[in-house]
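Each chain is listed here by its residues.
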2 protein chains.
Amino acid sequence: MKALQNLFDRIVQRVNINLRELDFDVKPYITIQIPLDQLRKFYAFYGITPFHPLDFQFRQSNLAGSYFLGKCRTTNSILYKSDIRGDELKKKGDVYNYQNFQIKLTEDEGIRIEDSLLIKTLVHCFSHDPETLEDFFITNTLAMHYANIHGAPIDGSFLGPFATVDLTTMNDCVIGAFSYVQAGEVGHLNIEPGTIWVRSPGQFDFLYCHPKEELRRYIHFEAGQAPRGLLIDFVDERKDEFQRLFEKVNLEPVAVPDSASLDRFALIKPKMVIGENVLVAQRAYLENSYMGKGANAQENCYIINSRLEGNNVTAHGGKIIEADLQPNVFVGCNSFLRGRADSRLSIGKECVIMPHTIIDSDQPVSIPDGHLVWGLNTSQADIEDNSVPLETLAQVKDSLQIGAMYFEGDGGAFVTGFQGRIHHILEANGAFFDGMANSGHAQKNQKISFNMIQPYPDGDQEGMYPTINIQP
Amino acid sequence: MKALQNLFDRIVQRVNINLRELDFDVKPYITIQIPLDQLRKFYAFYGITPFHPLDFQFRQSNLAGSYFLGKCRTTNSILYKSDIRGDELKKKGDVYNYQNFQIKLTEDEGIRIEDSLLIKTLVHCFSHDPETLEDFFITNTLAMHYANIHGAPIDGSFLGPFATVDLTTMNDCVIGAFSYVQAGEVGHLNIEPGTIWVRSPGQFDFLYCHPKEELRRYIHFEAGQAPRGLLIDFVDERKDEFQRLFEKVNLEPVAVPDSASLDRFALIKPKMVIGENVLVAQRAYLENSYMGKGANAQENCYIINSRLEGNNVTAHGGKIIEADLQPNVFVGCNSFLRGRADSRLSIGKECVIMPHTIIDSDQPVSIPDGHLVWGLNTSQADIEDNSVPLETLAQVKDSLQIGAMYFEGDGGAFVTGFQGRIHHILEANGAFFDGMANSGHAQKNQKISFNMIQPYPDGDQEGMYPTINIQP
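None of these values were measured; they are calculated from a predicted model. (Residues numbered from 1 in each chain as written. Chains lettered and ligands numbered in written order. Predicted model: local features only at pLDDT ≥ 70, side-chain atom pairs only at ≥ 80, totals over all residues. Heavy atoms only, no water.)

### What about the overall build of chain A?
Reasoning step 1: In terms of helices and strands, chain A carries 9 helices and 49 strands.
Reasoning step 2: Its C-alpha atoms give chain A a radius of gyration of 21 Å, within 12% of the compact-globule value 23 Å for 472 residues.
Reasoning step 3: If you line up chain A on its principal axes, its C-alpha atoms span 60 × 55 × 50 Å.
Reasoning step 4: Within the span of chain A, comprising 472 residues, buried residues form 62% of the whole.
Reasoning step 5: Sequence separation of at least 24 residues holds for 41% of the intrachain contacts in chain A that already meet a minimum separation of 6. (Helix = DSSP H or I, 4+ residues; strand = E, 2+ residues; numbered from the N terminus. Rg over C-alpha atoms; globule rule 2.2 N^0.38 Å. Buried < 20%, exposed > 50% of the residue type's maximum accessible area, 1.4 Å probe, protein only. Contact = heavy atoms within 4.5 Å.)

Have a look at this one:
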């Protein structure tokens, strides 16, 4: 495993060089996380469909347990049980509108991962950076468990567990555990754990910080230790159940409507009802729940003992337990929404649950229609401090403070932007398919074949994958 | 499946162009054999080890159920459940001695398969043609069920079911069912079914033809029909049992001595005893038998209720049922040796059972030590007509006729050549491993990881594999 050890050391060094200004050493955070001999135990897999352009290139990398779809090149990197989804990449000839620029793509966009180490990380979407529209790059970067890199090219950065970067171009930053950053172009920042920051330069700025002590109960990460807390326990308690999905080459498909798709690597437990146009992505965990027409469950979602009435987005890593969601509720990534069997959580139609929101109450909690919700909520009273009707927010012209949330700028632009994005997500996922038109992932992912690749089993190259090129 | 249909048509046309002089149309032989929709159902797989040079390239091909090890490039071809073993290819710098020539290889040898269709075919070894030492090619060729292409570059030819070409370079030939040809360089021949022909130009010539009517009971193949007969029934009755090997990504290994290896795609049924230095290759079927030290079971072998005392070679497709083999017995490829529970077949030490020999008797049959055996034998009396002591044959200077067998030339060269080759096979397979030195396939194949690839699942390219390149 000499080559793999060298690769690991090299990545750590490169990230540290990038973070020298922040005086941040990633080594004590990463060293104990993945014993190298684990890295040769899991196969990687990639999907082939008639719909997704093919261009895989894997070089000098370990890909243990990782999944790839769409154009993706990985060099000198370690990807451990990560999902790299290039199914919304832009294509040659597409025109991207940014401010007053209309930018035409000169070639197909591809995801490029170099000199990086990703653990159980979700990579999705496309580069929103007008400077690098063809190249969705992740370089010199280290991302910890259940981080999301969403439409966000990134260089020289460290993402803590459950951190998300979204529609951001990031250079030499440290993003703390459970922080969510959607901020355009940023560099050389050290973002504290539990920070929720949504900024559209010149338009608005939304900022909330989870209360430090209370957040520790859910997620806590410090040098020399594995991530801890209720969120980690929750996923760890269920991880063995996924094993059977990975043992067989092909599984008997679970019957769903013709217009819906369950990923072959999703875990479907008894008493699920799956409606039309539903999309269930790989590594989702569904149990005893109702997914109404056009609902979706993205990667690393858990939906348990819940009812989603339709057109509900549950973004990457969202968790919904003992809850009832009216139509068109959006649940942002890595949110943790947990009612109890005898005191359920109820969310009204068209609510927007901000990414990285926690609602975890042993008393009933009810959220009225059309509200924006954020923060850490353990009771109905907390919701009062951490929510606002979307209509109210849309009228803000200047600033708004509620509890620990600070908003500045154009509330209308924020609400319209969010709603537009939710509409786009539903559309891309195939929620509006009418049997002929408007097909999306739910329909296009039905016909997919998986290829399983493994590393060298022994010798100096043990754990390294050979060079693999896949073209049409 | 448009592309796959075009590919099929193109291959058939190319083979027919090559065989125009023989006025042989392959189409009625092949068309019903593999319904195209079967060709998308099975994954292909390739092995990666620290010992075998890596160079896979798959282009414009269907590879359903086929296995690859070592350097191999496949273009415009259909390989259905075939085994392509490049684990004895020559390496750059090797020196190949041929007559008075000492030929140094300028690059690693590779297997190249182009414009060909192989069904359940075994490809192994390396090019023995001094003209093409770096290029083991199979082009414009169609090989039917359980054909063996062994060290034999081949162009523009048709091999019937259970046909073998061995150490031969073949151009524009038709080789009938169950024929074995080891003949140096040949072209434009139409070899009748059941022909056993071993020739070393200038040294010797061995010729035997199976009796036509009797052979029909075992294998029979005519235009417009699937191959039929006892050999086909025998393998078909057991084929479903292999299915469980292909369902899981990784199987729990069966315990064997440290110096032995069982391929992960071999079927091991109860009450097997596996000795030191034993090699069991993929798609071998072993049941209730004893494999003594250094014995091997190559691809498509069946060893059932039998005892092999040690250093026994069972070449590709050999079948041994209710039999006792003393040490150092060689059983040539595609032989069918069947005793009965109450009247076993007994073979003395150092016997050589020629390739494509049938011994199938419901009375006990016993073959003394050191005999060469060939032909179709259903009783002890047949053996008398179809065998000779190796010592006797070694003394032949001119010619020898026994029953329907004709031998011309130097008997000593024939015997010495055969024995040298058996020694080489044992050596290459690791039979002589002493814990340190003399390792071979039995030891080198222990550490292997398998990669599973699948074709496009839908659309015009349905059933075609994408372009795949694998390098170190």
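### Observations regarding the pattern of salt bridges
All names here are of chain A.
Reasoning step 1: In total, this model carries 41 salt bridges over all chains according to the counting rule given.
Reasoning step 2: D108 serves as the salt-bridge partner of K71, at 3.6 Å between the closest nitrogen and oxygen. One end of the pair, K71, is in the loop between β3 (67-70) and β4 (72-75); the other, D108, is in the loop between β8 (101-104) and β9 (110-114), with 37 residues separating them in the sequence.
Reasoning step 3: Here R238 ties to E237 by a salt bridge, and the two come within 3.6 Å at their closest N and O atoms. (Salt bridge = Lys/Arg side-chain N within 4 Å of Asp/Glu carboxyl O.)

### Brief notes about the relation of the copies chain A and chain B
Reasoning step 1: In the superposition of chain A on chain B (RMSD 0.0 Å, axial shift 0.0 Å), the rotation amounts to 180°. Those values place the two copies in the arrangement expected of a two-fold rotation axis. Across chain A, the smallest distance between a C-alpha and the rotation axis is recorded for K248 of chain A, namely 2.0 Å.
Reasoning step 2: A shared interface surface links the copies, since 100% of the contact residues of chain A are contact residues in chain B too. (Least-squares fit on C-alpha atoms with pLDDT ≥ 70 in both.)

### Some remarks on the environment of L69 of chain A
All names here are of chain A.
Reasoning step 1: Looking at the secondary structure, you find L69 in strand β3.
Reasoning step 2: Residue L69 is classed as buried on the basis of its relative accessible area of 1%.
Reasoning step 3: Sequence-wise, L69 and G47 are 22 residues apart; in three dimensions their C-alpha atoms are separated by 5.2 Å.
Reasoning step 4: Leaving out residues up to four positions away in the same chain, L69 has contacts with G47, T49, H52, F56, I84, R85, G86, D87 and I448.

### A look at the sheet that holds strand β31 (residues 296-297) of chain A
All names here are of chain A.
Reasoning step 1: One open sheet holds the 8 strands; their spatial order is β25-β28-β31-β34-β37-β40-β43-β45, and the pairing between them is mixed. The open sheet has two edge strands with one neighbour each: β25 (261-262) and β45 (387-389).
Reasoning step 2: Here strand β28 (residues 279-280) pairs with β31 via 2 bridges, running parallel. Bridging from a neighbouring strand, V280 pairs with A297 of β31. (Pairing = 2+ DSSP bridges.)

### Re the confidence of the model for chain A
Reasoning step 1: With 100% of its residues at a pLDDT of 70 or more, chain A has an overall mean of 96.
Reasoning step 2: This complex was scored by the predictor with a pTM of 0.93 and an ipTM of 0.90. (pLDDT = per-residue confidence, 0-100.)

### Considerations on the pairing of strand β47 (residues 405-409) of chain A
Residues and elements named next belong to chain A.
Reasoning step 1: When strand β24 (residues 204-209) meets β47, the two strands line up antiparallel, connected through 4 bridges. Counterpart to L207 in the pairing with β47 is Y406.
Reasoning step 2: Here 4 bridges tie strand β46 (residues 399-402) to β47, and the two strands are oriented antiparallel to one another. Across the sheet, S399 pairs through a bridge with E408, a residue of β47.

### Here's the deal with the nonpolar core
Reasoning step 1: Counting 175 residues, the largest nonpolar core has F206 and F414 of chain A together with F206 and F414 of chain B as its most contacted members.
Reasoning step 2: When residues no more than four places from it in sequence are discounted, the contact partners of F206 of chain B are I196, W197, V198, M354, L372, W374, M405, Y406, F407 and F414 of chain B.
Reasoning step 3: Counting 88 residues, the second largest nonpolar core, distinct from the first, contains M170, I453 and I468 of chain A together with L54 of chain B. (Core = buried A, V, L, I, M, F, W, Y, C linked by side-chain atoms within 4.5 Å.)

### So, helix α1 (residues 2-18) of chain B
All names here are of chain B.
Reasoning step 1: Here α1 contains 17 residues, and its C-alpha end-to-end distance of 25 Å stays within 8% of the 24 Å for a straight helix at 1.5 Å per residue.
Reasoning step 2: Among the residues of α1, those classed as buried are A3, L4, L7, F8, I11, V12, V15, N16 and N18.
Reasoning step 3: Against the buried residues of α1 lie α2 (27-30), β5 (78-80), β10 (117-119), β13 (142-143) and β15 (154-155). (Expected span 1.5 Å × (residues − 1).)

### Observations regarding the packing of aromatic side chains
Reasoning step 1: Considering all chains together, one arrives at 65 aromatic pairs over all chains under this definition.
Reasoning step 2: Taken together, a centroid distance of 5.8 Å and an interplanar angle of 70° make the contact between F45 of chain A and F246 of chain A edge-to-face. Here F246 of chain A lies in helix α5 (residues 243-247) and F45 of chain A lies in strand β1 (residues 44-48), a separation of 201 residues in the sequence.
Reasoning step 3: Judged by centre distance (6.0 Å) and plane angle (50°), the ring pair of Y67 of chain B and F450 of chain B falls under tilted. Placement of the pair is Y67 of chain B in strand β3 (residues 67-70) and F450 of chain B in strand β48 (residues 449-453), with a sequence separation of 383 residues.
Reasoning step 4: Residue F450 of chain B is classed as buried on the basis of its relative accessible area, which comes to 5%.
Reasoning step 5: Cluster of aromatic residues (ring-pair linked, three or more members): F204, F206, F330, W374, F407, F414 and F418 of chain A.
Reasoning step 6: It is K90 of chain A that lies over the ring of Y96 of chain A; its NZ or CZ is 5.5 Å from the centre.
Reasoning step 7: A cation sits over an aromatic face here: R264 of chain B above F265 of chain B, 3.9 Å from the ring centre. (Phe/Tyr/Trp six-rings, centres within 6.5 Å; stacked < 30°, edge-to-face > 60°. Lys NZ or Arg CZ within 6 Å of the ring centre and 35° of its normal.)

### A look at the state of the cysteines
Reasoning step 1: One pass over the structure, following the stated rule, counts 0 disulfides over all chains.
Reasoning step 2: Unpaired in this structure, C301 of chain A has its nearest cysteine sulfur neighbour in C333 of chain A, at a distance of 9.7 Å.
Reasoning step 3: On the accessibility criterion, C301 of chain A (0% relative accessible area) is buried.
Reasoning step 4: Counting only cysteine sulfurs, C333 of chain B is the nearest neighbor of C125 of chain B, a cysteine outside any disulfide, at a range of 12 Å. (Disulfide = S-S within 2.5 Å.)

### Digging into the sheet that holds strand β32 (residues 302-304) of chain B
Residue and element names in this part refer to chain B.
Reasoning step 1: The strand order across the open sheet formed by 7 strands is β26-β29-β32-β35-β38-β41-β44, and the pairing between neighbours is parallel. Whereas interior strands pair on both sides, the edge strands pair on one side only; in this sheet they are β26 (267-268) and β44 (376-377).
Reasoning step 2: Inspection of the sheet shows β32 paired to strand β35 (residues 319-321) by 3 bridges, in the parallel sense. When the bridges of β35 are listed, I303 appears paired with I320.
Reasoning step 3: Those strands touched by helix α4 (residues 230-239) are β29 (285-287), β32, β35, β38 (336-338) and β41 (358-360), and its axis lies near 75° from that of β32. (Axes fitted to C-alpha atoms, helices over the stretch in contact; angles between N-to-C directions.)

### Points about helix α8 (residues 411-428) of chain A
All names here are of chain A.
Reasoning step 1: For α8, spanning 18 residues, the distance from its first C-alpha to its last is 26 Å, which sits close to the expected 26 Å at 1.5 Å a residue.
Reasoning step 2: Where α8 is concerned, the buried positions are G411, G412, A413, F414, V415, F418, I422, I425, L426 and A428.
Reasoning step 3: The opening residue of α8, the one whose side-chain oxygen lies 2.9 Å from the backbone nitrogen of G412, is D410. (Polar contact = N/O pair within 3.5 Å; in protein donor to acceptor, adjacent residues only side chain to side chain.)

### With respect to the side chain of T168 of chain B
All names here are of chain B.
Reasoning step 1: Position of T168 among the secondary structure elements: in strand β18 (residues 168-171).
Reasoning step 2: When its relative accessible area of 1% is taken as the criterion, T168 is described as buried.
Reasoning step 3: Polar contacts involving the side chain of T168 include one to the main-chain carbonyl oxygen of V181, which spans 3.2 Å.
Reasoning step 4: At 2.9 Å, the side chain of T168 forms a polar contact with the backbone nitrogen of A183.
Reasoning step 5: In this structure T168 touches G151, A152, P153, V181, Q182, A183, G184 and V186, once residues within four positions along its chain are discounted.

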